[in-house]
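What follows is each chain in one-letter form.
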Protein chains: 2
Amino acid sequence: MKNDRSTILLKSVKRLLRRDAIVHLRKIVYKTHGADLSELFRSLSIPQQHIVFNLIEDIEQKGILLSQLDENDFLGLSEGLEIDSFVEVLECMPSDDAADLIGRLPDGQAEILLEKMKNEESDEVEELLNYEDDSAGGIMVTDFIALKDDTTAKEAIISLQKEHMDVEMPFYLYVVDEYGNLMGVCSLRQLVVVPPETPLKEFMTTDVFSVTTDTDQEEVAKIVARYDILAVPVVDETNKLAGIVTVDDVIDIFRQEATEDILKMAGVGEEFVETQSVIKSTRIRLPWLFASCIGGVVAFIIIDYFEASLTKVAYLAAFIPVIMGMGGNIGTQSSTIVVRGLATGRFNVRDIWSVVSKEFLIGFILGLVYGTLIGTVAQFRYNTAAVAFSAGLAVLSSMSVAALIGSLVPMLFVRINIDPAVATGPFVTSSIDIISVFIYFSIVTKLLGI
Amino acid sequence: MKNDRSTILLKSVKRLLRRDAIVHLRKIVYKTHGADLSELFRSLSIPQQHIVFNLIEDIEQKGILLSQLDENDFLGLSEGLEIDSFVEVLECMPSDDAADLIGRLPDGQAEILLEKMKNEESDEVEELLNYEDDSAGGIMVTDFIALKDDTTAKEAIISLQKEHMDVEMPFYLYVVDEYGNLMGVCSLRQLVVVPPETPLKEFMTTDVFSVTTDTDQEEVAKIVARYDILAVPVVDETNKLAGIVTVDDVIDIFRQEATEDILKMAGVGEEFVETQSVIKSTRIRLPWLFASCIGGVVAFIIIDYFEASLTKVAYLAAFIPVIMGMGGNIGTQSSTIVVRGLATGRFNVRDIWSVVSKEFLIGFILGLVYGTLIGTVAQFRYNTAAVAFSAGLAVLSSMSVAALIGSLVPMLFVRINIDPAVATGPFVTSSIDIISVFIYFSIVTKLLGI
């Protein structure tokens, strides 16, 4: 349904652009949310994007559109933007989003923009640009409401009306001492339900979850999700309140981290580059395939080593795909479960032995099932018990070992602080290819005496 | 860091349980958030869980703990709970969470609980139980603030203080007409900044994003994320406001959907079952491996068919792993990109040909690179141009076709309304195994004339 709606929007806009029907276009643009416009922009040429962008009257709508564009679209569009109107949009955006956009621009252009912005705004943005992209400091907003602990509820409401009109999502009021250190938090809701003269310190919650500016964004997101809060305060090294991370950013973090993990496990980089050039995509995918290529070459060397046996009993080669395939697939199952289990907190590194031994047991049971099946196929085809038994045993061994490696490797990687998602794919897959082939030929040469 | 903290908590609680140090335990439990207790419970036996649960004094803390437990832990714990205290906890929980828990229980137990609950609460829960689990109706809360359009800001604040104390996250006030139909929305923030006598209709936003009770939860989550809102209203078939879905549930939906997609692509079911029994895990993983087994058996039949050629040139078997491996891996890359691209809205089914042709091109380029590499290895080993060329060409063909299939299949599945994540894994992997082997042997028999 959503897709239909966006397809209709795209078609209408393209038709109106062809006809140069500016009045109609302006009407459609006016009614469309910035987030929907950003999706539309993916399918427009850069000159078309400029026409549509210039028809937007609302500065906030422009800001939402810009901050939701894909990196490439944003860079393409921003090149042709008039500096003054660009600055105007940046000043109206939440400071974290503005810093995000400016951080993507070439240094020269970024400097010009920062110079043109009002001092107050550009200071905030420059401060944010100093933090790592994926730390709490890099994703926090510096517009928040901080009040002294002896402020009354009534005074707090007045300050909301007068001073804090630009705060993005004002659901919490943070209470600070004279040095700006975080003491507690009140909700906007509490503010309207207590008697107006009550000072904040009498009803604030002092047990506040907070993070520091260098906390990893994934950790921040987990805290917000775990305790069902709408924003988490960020303090600097002196415990001074520096900003807040809001729940809308947390959603983006989770989606981004899930995408990263999925892509890394498949060996296609960390970020979604498919909207970019063929050359860039190719370059990103090359290394992982190289790992798999090395695995294949080692398997080649192993089989080559057993060539004498193969010449005698050539049909043995026919079992290579099924043994490699079954091993590879159960290995992927085990490593996927462990990597996702670690990412979502279902598994803890301290449970390494219970997890690995369980995976091994599952691999063994499934190996028995499929070993029997493949053995039966072999017996049916060649009517030689030794061949059937060798094939079955090879499937069983390969699947058990693959489940073991698939679960053990990511756990060990986490212990030595290597990201399991990025390392597991190539490492596990190539090792299993090599081990499967080796196990198979060792078994057949022993059992068949060739 | 978080892991350290939870490990320390677990160790202390276990030590105190061993020593029967109830007073100390009660203190620790009192200071620990329900969400942290639920994690702790994963590592406690059921009798230990009961001891700790009974030490909790705060009913809300009990509710948070219960709603965050894994399904199995919850069922184990709930069996031994005293009915009256269980009912008390359920009554204090948000109605969507209560419905979730009751929905997991055996019918008999659920009925007893619903009967014992206050009518008002049990009606809400029973109503929610009628909706599909993964629809907006199944995840919405029915506690929300709905006021008539001529209510003044001041009256609205008074109603917040008196009537709506139990509303979970009161950031929006919904404005309805006399039939309960949704007309607009105000934020709590607006309420405190407008003059007290202003009626809601004068400052409410009338352009409200809403969903219907049968909207899929993933769609709901996307709307909340797209428009950066904290809650989305849910209307029934008569446009009457029935509930709201809040942002905390949206986070859970995204995490759950990402986990589902990851697990489905690896062929390990939809839900995280590894905390369950070995038998259950084995049963879930069996079918996907069966698809791969069928693929392996077909590859077996193909190689078997070419046995005569293999007997003459046995070393040809040595290239099977690398050709299968390279094809399989690039196929996984392509299908992962497409499945995730579709899930996150980066790709649209209407772009099918541009996506697929780009993937094919990337497959072709990477195939040239690795085909040349493997051809060189073959030339180096056997010093026969025809063999080297055959191996290289097989790698090139297999990788190009694999990229094509890997991107085309999920796109086609979406078109015919099959979940691409669940179908892509087994289907793509097995097809590529079969096709790679077939391409290879067709090439070598033709080119080497055997």
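Residues numbered from 1 in each chain as written. Chains lettered and ligands numbered in written order. Predicted model: local features only at pLDDT ≥ 70, side-chain atom pairs only at ≥ 80, totals over all residues. Heavy atoms only, no water.

A. Structural view of the overall build of chain A. Counting its secondary structure elements, chain A contains 22 helices and six strands. In terms of overall dimensions, chain A is more spread out than a globule: its C-alpha atoms have a radius of gyration of 30 Å, far above the 22 Å expected for 450 residues. Based on the C-alpha atoms only, the size of chain A along its principal axes is roughly 90 × 65 × 40 Å. Put simply, chain A has 450 residues, and 60% of those count as buried. Of the contacts formed within chain A by residues at least 6 apart in sequence, a portion of 66% connects residues at least 24 apart. Accessible surface for chain A amounts to roughly 19,100 Å². Of this, 55% is attributable to carbon and sulfur atoms. (Helix = DSSP H or I, 4+ residues; strand = E, 2+ residues; numbered from the N terminus. Rg over C-alpha atoms; globule rule 2.2 N^0.38 Å. Buried < 20%, exposed > 50% of the residue type's maximum accessible area, 1.4 Å probe, protein only. Contact = heavy atoms within 4.5 Å. Areas by Shrake-Rupley, 256 points an atom, 1.4 Å probe, with all protein chains shown as cover.)

B. Up close: a nonpolar patch on the surface. Together, F290(A), I294(A) and L373(B) make up an exposed nonpolar region whose accessible area comes to about 250 Å². Locating F290(A) in the fold gives a position in helix α17 (residues 278–305). Among the residues examined, F290(A) registers a relative accessible area of 41% and is labelled partly exposed. (Patch = residues over 30% accessible without salt bridge, like charges linked within 9 Å, V, L, I, M, F, W, Y side chains within 5 Å. Salt bridge = Lys/Arg side-chain N within 4 Å of Asp/Glu carboxyl O.)

C. Fine view of the side chain of T336(A). Here T336(A) is to be found in helix α19 (residues 320–343). For T336(A), a relative accessible area of 5% translates into the label buried. A polar contact of 2.6 Å, which involves the side chain of T336(A), links it to the backbone oxygen of T332(A). Non-local contacts of T336(A), meaning those with residues more than four positions away in its chain, are made with M265(A), I262(B), L263(B) and A266(B). (Polar contact = N/O pair within 3.5 Å; in protein donor to acceptor, adjacent residues only side chain to side chain.)

D. Spotlight on helix α15 (residues 217–226) of chain A. Residue and element names in this part refer to chain A. For α15, a buried count of eight out of 10 residues is recorded, marking the element as mostly surrounded by other parts of the structure. Regarding α15, the residues found buried are Q217, V220, A221, K222, I223, V224, A225 and R226. Once α15 finishes, D228 follows within two positions and takes phi at roughly 50°, a positive value.

E. Inspection of helix α6 (residues 71–79) of chain B at higher detail. For α6(B), the complete set of buried residues consists of D73(B), F74(B), G76(B), L77(B) and S78(B). Among the structural elements, α3 (34–41), α4 (46–55), α5 (59–68), α7 (83–92), α8 (95–104) and α9 (107–116) of chain B are those in contact with the buried residues of α6(B).

F. Spotlight on the packing of helix α3 (residues 34–41) of chain A against helix α5 (residues 59–68) of chain A. Residue and element names in this part refer to chain A. Where α3 meets α5, the closest approach of the two axes is 8 Å, and the angle between their N-to-C directions is 45°. Taken together, the axes of α3 and α5 lie oblique to each other. α5 is crossed by α3, and the crossing has right-handed handedness. Residues G34, A35, L37, S38 and F41 of α3 form the contact with α5, whose own contacting residues are Q61, I64, L65 and Q68. (Axes fitted to C-alpha atoms, helices over the stretch in contact; angles between N-to-C directions. Parallel < 35°, antiparallel > 145°, perpendicular 65-115°, else oblique. Left-handed = near helix turned anticlockwise from the far one by under 90°.)

G. Geometry of unusual backbone geometry. The residue D20(A) is not glycine, and still its phi comes out positive at about 60°. Tracing the backbone through its elements, the reader meets D20(A) in the loop between α1 (2–19) and α2 (22–31). With a phi close to 55°, N383(B) is a non-glycine residue in the positive phi region. Within the secondary structure, N383(B) is located in the loop between α20 (352–382) and α21 (385–415). With a relative accessible area of 61%, N383(B) lands in the exposed category.

H. Main features of the pairing of strand β2 (residues 172–176) of chain B. All names here are of chain B. Burial of β2 is extensive: five of the five residues sit out of reach of the surface. A two-sided burial pattern is seen for β2, the buried positions comprising Y172, Y174 and V176 on one face and L173 and V175 on the other. As paired elements, strand β1 (residues 146–148) and β2 share three bridges and run parallel to each other. Counted as the bridge partner of L147 is V175 from β2. Where β2 and strand β3 (residues 182–187) come together, five bridges link them in antiparallel fashion. Considered in β3, the bridge of V175 is made with G184. Counted along the chain from β2 to the antiparallel partner β3, the turn is five residues long, and its residue G180 has a positive phi close to 85°. (Pairing = 2+ DSSP bridges.)

I. Structural context of the nonpolar core. V13(A), L66(A), L90(A), L66(B) and L90(B) are the most contacted members of the largest nonpolar core, which has 145 residues in total. Those residues in contact with V13(A) that lie beyond four places of it in its chain are L25(A), I28(A), L40(A), L44(A) and V52(A). One finds Y315(A), M324(A), L289(B) and V395(B) within the second-largest nonpolar core, a separate group that totals 92 residues. (Core = buried A, V, L, I, M, F, W, Y, C linked by side-chain atoms within 4.5 Å.)

J. Expanded view of the sheet that holds strand β1 (residues 146–148) of chain A. Residue and element names in this part refer to chain A. If you walk across this open sheet you meet the three strands as β1-β2-β3, and the pairing is mixed. Edge positions in the open sheet fall to β1 and β3 (182–187), since each of these has one partner strand only. Put simply, the sheet's adjacent strands are angled 35° from each other on average, direction ignored.

K. A look at the interface of chain B and chain A. Residue-level contacts link 118 residues of chain B with 117 residues of chain A. Taking both sides of the interface into account, the surface hidden between chain B and chain A amounts to around 10,700 Å²; carbon and sulfur atoms contribute 64%. Taken together, the links from chain B to chain A amount to eight salt bridges. Of the charged contacts in the structure, one is a salt bridge between R226(B) and D36(A), with a shortest N-O distance of 2.7 Å. Where chain B meets chain A, there are 32 residue pairs in polar contact (both at pLDDT 80 or more). Grouping the constituent residues of the side of chain B that touches chain A by class yields 65 nonpolar, 29 polar and 24 charged. (Buried area = accessible area lost by both parts, 1.4 Å probe. Nonpolar A, V, L, I, M, F, W, Y, C, P; charged D, E, K, R; others polar.)

L. The relation of the copies chain B and chain A, seen in detail. The two copies are related by a screw operation: chain B maps onto chain A through 180° of rotation and 0.0 Å of translation along the axis, at an RMSD of 0.1 Å. Expressed as an axis order, the relation between the two copies is that of a two-fold axis. Looking at chain B, 99% of its interface residues are interface residues in chain A too, so the copies touch through the same face. (Least-squares fit on C-alpha atoms with pLDDT ≥ 70 in both.)

M. Examining the packing of aromatic side chains more closely. Overall, the coordinates contain 24 aromatic pairs over all chains when judged by the stated rule. With a centroid separation of 4.8 Å and an interplanar angle of 40°, the aromatic rings of F300(A) and F319(B) are classed as tilted. Separated into two different chains, F300(A) in helix α17 and F319(B) in the loop between α18 (307–312) and α19 (320–343) make up a pair that spans both. On the basis of relative accessible area, F300(A) is assigned to the buried category, the value being 5%. Judged by its relative accessible area of 2%, F319(B) falls in the buried class. With 6.5 Å between their ring centres and 65° between their planes, F319(B) and Y440(B) make a pair best called edge-to-face. Pair noted here: F319(B) is in the loop between α18 and α19 and Y440(B) is in helix α22 (residues 420–448), with a separation of 121 residues, a long-range link. Grouped by ring-pair contacts, the aromatic residues F300(A), Y305(B), F306(B), Y315(B), F319(B), Y382(B), Y440(B) and F441(B) constitute a single cluster. (Phe/Tyr/Trp six-rings, centres within 6.5 Å; stacked < 30°, edge-to-face > 60°.)

N. Main features of a positive patch on the surface. Side chains of K14(A), R15(A), R18(A) and R19(A) sit close together on the surface and give a patch of like positive charge. Residue placement: R19(A) occurs in helix α1. (Lys, Arg positive; Asp, Glu negative; His and termini not counted. Charge placed at Lys NZ, Arg CZ, Asp CG, Glu CD.)

O. Fine view of the environment of V355(B). Residue and element names in this part refer to chain B. Considering the arrangement of structural elements, one finds V355 in helix α20. Taking relative accessible area as the criterion, V355 reaches 8% and is therefore assigned buried. Residues within four places of V355 in sequence aside, it is in contact with V338, F347 and M411.

As far as function goes, none of this settles anything; it's purely spatial.
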